[in-house]
Amino acid sequence: MGESATHVLTGPEALSQQEIAARLTEALGRTVTYVDLSVEEMTRHAQERRGMPEATARELAEMMAAVPDSSWSRITSTVEDLTGHAPRSLADYLADHAADFAR
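All values reported here derive from a predicted model rather than from experimental measurement. (Residues numbered from 1 in each chain as written. Predicted model: local features only at pLDDT ≥ 70, side-chain atom pairs only at ≥ 80, totals over all residues. Heavy atoms only, no water.)

*Asks:* Explain the side chain of Thr76 to me, using residue names and the numbers behind them.
*Replies:* Within the element layout of this structure, Thr76 appears in the loop between helix H3 (54-66) and helix H4 (78-83). At 3.2 Å, the side chain of Thr76 and the side chain of Thr78 are in polar contact. For Thr76, the residues in contact, after removing those within four places along its chain, are Val8, Leu9 and Thr10. (Helix = DSSP H or I, 4+ residues; strand = E, 2+ residues; numbered from the N terminus. Polar contact = N/O pair within 3.5 Å; in protein donor to acceptor, adjacent residues only side chain to side chain. Contact = heavy atoms within 4.5 Å.)

Below, the structure is given as structure tokens:
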């Protein structure tokens, strides 16, 4: 864990996009649905609704499309190794920050 090391930081559980949407729904008390967009749709959405530059929006969309849902499932001990504290669960984070997601 030297100065130039690459650290993969993860939470304590591996969740699919659908599971994340379900956790958001539960925590926020309103329905959150994951919609799988094409690269073109995601690029356009990021540009129009988020004001992202086209190159950044496309790069993000291509990265998301290139990573199958199951490959996000890697869990590491890096957070605890570096901080001495276990990573927080999505449920705990959402409980503490639900107001930040209010409409």
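*Asks:* Could you give an account of the layout of surface pockets, with specific residues and numbers?
*Replies:* Each pocket or cavity is described by its volume, and for the largest pocket that value is around 1,100 Å³. Every residue lining the largest pocket is counted, 32 residues in all, and those nearest its centre are Gln17, Ile20, Leu24, Tyr34 and Met64. Residue assignment for the lining of the largest pocket shows that the elements contributing at least two residues are helix H1 (17-28), helix H2 (39-50), H3 and helix H5 (90-97). Looking at which element gives the most residues to the lining of the largest pocket, the answer is H2, with 5 residues. Among the residues making up the lining of the largest pocket, the classes are represented as 19 nonpolar, 7 polar and 6 charged. (1 Å grid on protein atoms, 1.4 Å probe; cavity = no way out; pocket = protein on both sides within 12 Å on 5 of 7 lines; lining within 4 Å. Points joined across faces, edges and corners; volume = space filled by probe spheres on them. Nonpolar A, V, L, I, M, F, W, Y, C, P; charged D, E, K, R; others polar.)

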